[in-house]
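Chain residues, written in single-letter form:
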Amino acid sequence: MKLGFILKTTNSGDGEAFSINKEESWAKYATEVRSYIKELHNFDGTSKTVILVRFHGSDGYMISIIKARPDGSGRENDNTAAWIHFPAKIKISAKEVCSIIQLVVEELSARKSINRLRLEEAFNKQYDSKNTLFTAVEFITSNKDGNIGYRYFGERCDYQLYEYLGDSIGQIGYKGYKGIFFIDHSSGITIDKQEIRTPIKKICALNIPNVNNGFKVYIGNKPFSSPIEIPEDAKVSVVLKKNGYADIKKEISVSNPNISIEPKEYRRCIQKAWFHAYDSENKESLTSKISIKVDGQYFNDGVLYVAEKLDNHHNVEIQCNGYEPYKANIEINDNIPAIALNAKEYEETFILPKQDGNGLDANATIIIKTKKNFQSMPLKGYTVEGDKFLCYNNNIVLKIKWFFIGFISLFVIGALYQGYVAIDEFFDNHEFQLGLPFIVEKHIKTTTDDVIITDKAEAEQPEATNLDDKAIEYLNKQEAWIKDSLENYKITQGLFDAMNAFELESLTSEKYSMLMQSERFSRIFYAAQECLEQNIDVKKGTSKGHYNNKSTDNKITVDDYIQWLQNAPHEIKTEKNPPKTPQKSQKIDQSIKSSQGSASTETAPTKKTRGGL
């Protein structure tokens, strides 16, 4: 490989005089240097030279020999800059670099024109390439927003110029600077910055580390397949990878190149796709509806990492709306047998007054059990009054009312249809005109040609987009749910307000049953259901009973919300009139009252007759 060279002059503008071995991959770094040399004192107008170094990672580094304008010529900070490109893996000694710099300084200072042939001869020399994965300079990229650093060399200094160059130029500390000046101490040039006085560290080779148990070492995105160069006291971050396990991050150095893995660092990768569930009675697949926890952790994007166990047995919890929870310690691999879930049994208790029964000496208790939750009174002809008391109602007035409404509706529809036909026939022979009268008879012209009018079907409408699937996709992908986004979909309208106000009954109602296809929502459902069953006050510690303290905050982070529900204080609410029935049946009772209440507002008071089951 070869060195590169670009000569630039800055007077009335920035221009390129000539170049050697120029390539666009690095030539873009040979920029105008006014912003650098304006920081120097006793430089402009002196014809003196300074050395500027900038680092560009895998593109290598650039050394610029900058000569100031002569006194009294040009504008302030005009200069001539000779840029030298050093490839990242070039094998070149410090003395060879010094010789190249000295040659360029001599040509810039020549009284006559620059000897281009002499430069081309020097820069066309071939150099060997280092057999390393990364060299020290590849870890350094100059910070364009950093300060300018500088080092002195020469008399009364700790180092000479050659000690800064060659392999030693790859000092990790340089990456925090915009650029580094190397200044001859005897030149009298100063700069209002803090001098870099850290010792020069020796650049050493770090060999490939040994790792057991099938893990492979990566540095960056590349396998650690050959030695790298780093300063003797520097540390390098590496990643250990193995199929089926979580990545392990480690740091190594020249003094400590060994890698050891603790047992607790082995974390297996478990995929949600390994789990399948079905209804124990009808064998219907429930896989798409289940929520799974392994060792107390939910899956994230279908993948979960858990601590490795010798027998591969882990605690598994599976929940599905309408089914009993499944809990077991099972062996987990990519061939787990399908798991049968039993339908949950719902129970509701009602009271039949003795006067409405047949031969009852006291009120009778009626218990209804079903494997599917019910939202309305399952006993035909009965309504509920008071505290779960059954009342027989034949609804004769309501039936009469709907009969008359139906009869009148048929009459109105028939009249409207006849009116439409009459108007249509009238305008077959009449038309509008400007002026009086506004409606006149049509004058029909007859021709010898027959005109056939054919109705054509309208262009096919674009296929409707399934917005429900898009809503589920939004819930699964977004870690934070935004109110405006939820309101865009019919099945998620009102969900944000229900979550924000802790309306747990609403969150566990049939209204949002379709959302159980979302793993994130199902976690909210079961957390809310547990709070209802245990009568937990989830609003304690909130501002005005809302999750978001500010009314303008229209975003809820789902994991934080679930954490709030799970960590809510387990304190029993105190009520003046505690209900006589279990808390989890109140949601069903309220929906029954609501449906009966809406019917009663539409009818006159109905006569209730005594009856029985």
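Each value, and the rule that gives it
- Residues numbered from 1 in each chain as written.
- Predicted model: local features only at pLDDT ≥ 70, side-chain atom pairs only at ≥ 80, totals over all residues.
- Heavy atoms only, no water.
- Salt bridge = Lys/Arg side-chain N within 4 Å of Asp/Glu carboxyl O.
- Helix = DSSP H or I, 4+ residues; strand = E, 2+ residues; numbered from the N terminus.
- Buried < 20%, exposed > 50% of the residue type's maximum accessible area, 1.4 Å probe, protein only.
- Core = buried A, V, L, I, M, F, W, Y, C linked by side-chain atoms within 4.5 Å.
- Contact = heavy atoms within 4.5 Å.
- Pairing = 2+ DSSP bridges.
- Axes fitted to C-alpha atoms, helices over the stretch in contact; angles between N-to-C directions.
- Patch = residues over 30% accessible without salt bridge, like charges linked within 9 Å, V, L, I, M, F, W, Y side chains within 5 Å.
- Areas by Shrake-Rupley, 256 points an atom, 1.4 Å probe, with all protein chains shown as cover.
- Phe/Tyr/Trp six-rings, centres within 6.5 Å; stacked < 30°, edge-to-face > 60°.
- Lys NZ or Arg CZ within 6 Å of the ring centre and 35° of its normal.

(A) Quick peek at the pattern of salt bridges. Summed over all chains, the structure comprises 23 salt bridges. The salt bridge partner of glutamate 229 is lysine 130, with a shortest N-O separation of 3.2 Å. One end of the pair, glutamate 229, is in strand 13 (residues 228-231); the other, lysine 130, is in the loop between helix 4 (116-123) and strand 7 (148-153), and 99 residues separate them in sequence. Its relative accessible area of 14% is what places lysine 130 among the buried residues. For aspartate 497, the salt bridge identified is with lysine 483, shortest N-O distance 3.3 Å. Taken together, the residues aspartate 497 in helix 9 (residues 495-500) and lysine 483 in helix 8 (residues 483-487) connect sequence positions 14 residues apart. On the basis of relative accessible area, lysine 483 is assigned to the partly exposed category, the value being 24%. Connected through salt bridges with shared partners, the residues Glu32, Arg34 and Asp78 form a single ionic network.

(B) Region of interest: the nonpolar core. Counting residues in hydrophobic clusters, the biggest one holds 55 residues, and the most contacted among them are Phe275, Val294 and Trp481. Those residues in contact with phenylalanine 275 that lie beyond four places of it in its chain are Ile270, Thr287, Ile292, Val294, Phe299, Val316, Ile330, Ile332 and Ile336.

(C) Main features of the sheet that holds strand 18 (residues 291-294). Reading across from one edge, 19-18-21-22 is the order of the 4 strands in this open sheet, with antiparallel pairing throughout. The open sheet has two free edges, formed respectively by strand 19 (297-298) and strand 22 (326-331), since each of these has just one partner strand. Contacting strand 18, strand 19 and strand 21 (313-319), helix 11 (residues 519-533) runs over the sheet at an angle of about 80° to strand 18.

(D) Summary view of a nonpolar patch on the surface. Taken together, the side chains of Ile400, Phe403, Phe404, Phe407, Ile408, Phe411, Val412 and Leu416 define a hydrophobic patch exposed on the protein surface, amounting to about 890 Å² of accessible area. You can see phenylalanine 403 is positioned in helix 6 (residues 396-428).

(E) Representation of unusual backbone geometry. Here the phi dihedral of serine 47 falls at roughly 60°; this positive angle occurs in a residue that is not glycine. Following the sequence through the fold, serine 47 ends up in the loop between strand 3 (40-41) and strand 4 (49-55).

(F) Expanded view of the packing of aromatic side chains. Under the definition given, this model contains 22 aromatic pairs. Geometrically, the ring pair formed by phenylalanine 134 and phenylalanine 139 is tilted, given 5.6 Å between the ring centres and 55° between the ring planes. Judged by its relative accessible area of 28%, phenylalanine 139 falls in the partly exposed class. Centroid distance phenylalanine 525 to tyrosine 526: 5.2 Å. Interplanar angle 90°. Geometry classified as edge-to-face. What makes phenylalanine 525 buried here is its relative accessible area of 4%. Over the face of the ring belonging to tyrosine 36 we find lysine 178, whose NZ or CZ atom lies 5.0 Å from the ring centre.

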